[in-house]
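What the coordinates show
Chain by chain, the residues:
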Amino acid sequence: MTNNSVTNEKIVRLQAGAQGFRSAFYIIYNSMLSKEGCESWAQEGDVMSVLGTNGCFALELYLKFMMVIDSFNVNTLSGNHIKGHKLDELYNALDNQNHSYIQELEKEYSNSKYTCSFKTLKDFLTSIKDYFIDWRYSYDSGSLNINLNLLSDVLNIFEKFTNDKYLSVSEILAQNGISFNDDQTMSIYDFDDIKKHI
């Protein structure tokens, strides 16, 4: 497997991406349920595909982020993760890199009341290993099933775990200054003119 080096501000973006896709999962979920204060999804598209894709992609980014945090080098302000989308391979790579991380995650996972037939976090991630891709192409994927309570629990476990582990790395990055010079931007001319057309 190929390694991907992530340096300085890209580490910040990796964390923000994981948190962003996790947040999008909850925004879409609340919209699907038409919770107060949320715009109703109102059957406008395949909510299951969008939920599954966002939730599973957030898991992928969190696993990669954990590898980067664990391999963080103070001198180069960088860390590494393996490339790929398969959640079981990312989990196994993290296990090979830092077994204590896996032990902590498995302990937290065992506290979920929604583990169903998945006795371990590894079992759950293996069962959904390709779901980031499968849910994106659900129209052509056949049978797909994921328990949203368990997915939510794992997303929350990963968020808390990474926030705790990232603290010391983020302090080092902040001391060295962060420069977002990668020309990734979005522009807008009129904030009120971004709307869906009916």
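Notes on the structure follow. Owing to the predicted nature of the structure, the values given are computational and were not obtained by experimental measurement. (Residues numbered from 1 in each chain as written. Predicted model: local features only at pLDDT ≥ 70, side-chain atom pairs only at ≥ 80, totals over all residues. Heavy atoms only, no water.)

**Details of the overall build of the protein**
We apply this condition: Helix and strand assignments come from DSSP, with helices taken as H or I runs of at least 4 residues and strands as E runs of at least 2, each series counted from the N terminus. Radius of gyration: over C-alpha atoms. The globule rule applied is 2.2 Å multiplied by the number of residues raised to the 0.38 power. Relative accessible area decides the class of each residue, using a 1.4 Å probe on protein chains only: under 20% of the type maximum gives buried, over 50% gives exposed, and in between gives partly exposed. Areas reported as accessible are Shrake-Rupley estimates using a 1.4 Å probe. Residue values count occlusion only from the protein chains shown. Charge counting treats Lys and Arg as positive and Asp and Glu as negative, with His and both chain ends excluded. The atoms used to mark charge sites are NZ of Lys, CZ of Arg, CG of Asp and CD of Glu.
Each helix and strand in the protein was counted, giving 7 helices and 2 strands. Each helix (α) and strand (β) of the protein, taken in turn from the N terminus, gives the series β-α-α-β-α-α-α-α-α. On C-alpha atoms alone, the protein measures out to a radius of gyration of 18 Å, which is about the 16 Å that the 2.2 N^0.38 rule sets for 198 residues. Counting the 198 residues in the protein, one finds 39% classified as buried. Entry remark: accessible area of the protein is about 11600 Å², with carbon and sulfur atoms responsible for 49%. Across the protein, the mean location of the 17 positive side-chain charges is 4 Å away from that of the 26 negative side-chain charges.

**Describing the state of the cysteines**
As a reminder, the rule being used: Sulfur atoms of two cysteines make up a disulfide when they are within 2.5 Å.
Tallying each qualifying case throughout the model produces 0 disulfides. C56 carries a free sulfur, and the closest cysteine sulfur to it, the one in C116, is 14 Å from it. By relative accessible area, C56 is classed as buried at 0%.

**Description of the nonpolar core**
Rules: By convention a nonpolar core is built from buried Ala, Val, Leu, Ile, Met, Phe, Trp, Tyr and Cys residues, the set being connected through side-chain atoms within 4.5 Å. When checking whether two residues touch, look at their non-hydrogen atoms; a contact exists if any pair is within 4.5 Å.
Core analysis: the largest hydrophobic core is formed by 53 residues, its most contacted members being L59, M66, L105, L125, I128 and F158. If you list the elements that add at least two residues to this core, you get α1 (8-32), α2 (47-70), α3 (87-97), α4 (99-109), α5 (121-127), α6 (131-136) and α7 (148-175). With 14 residues, α2 is the largest single contributor of residues to this core. If near-sequence neighbours (up to four positions away) are discounted, L125 is found in contact with L59, L63, L87, D88, Y91 and F158.

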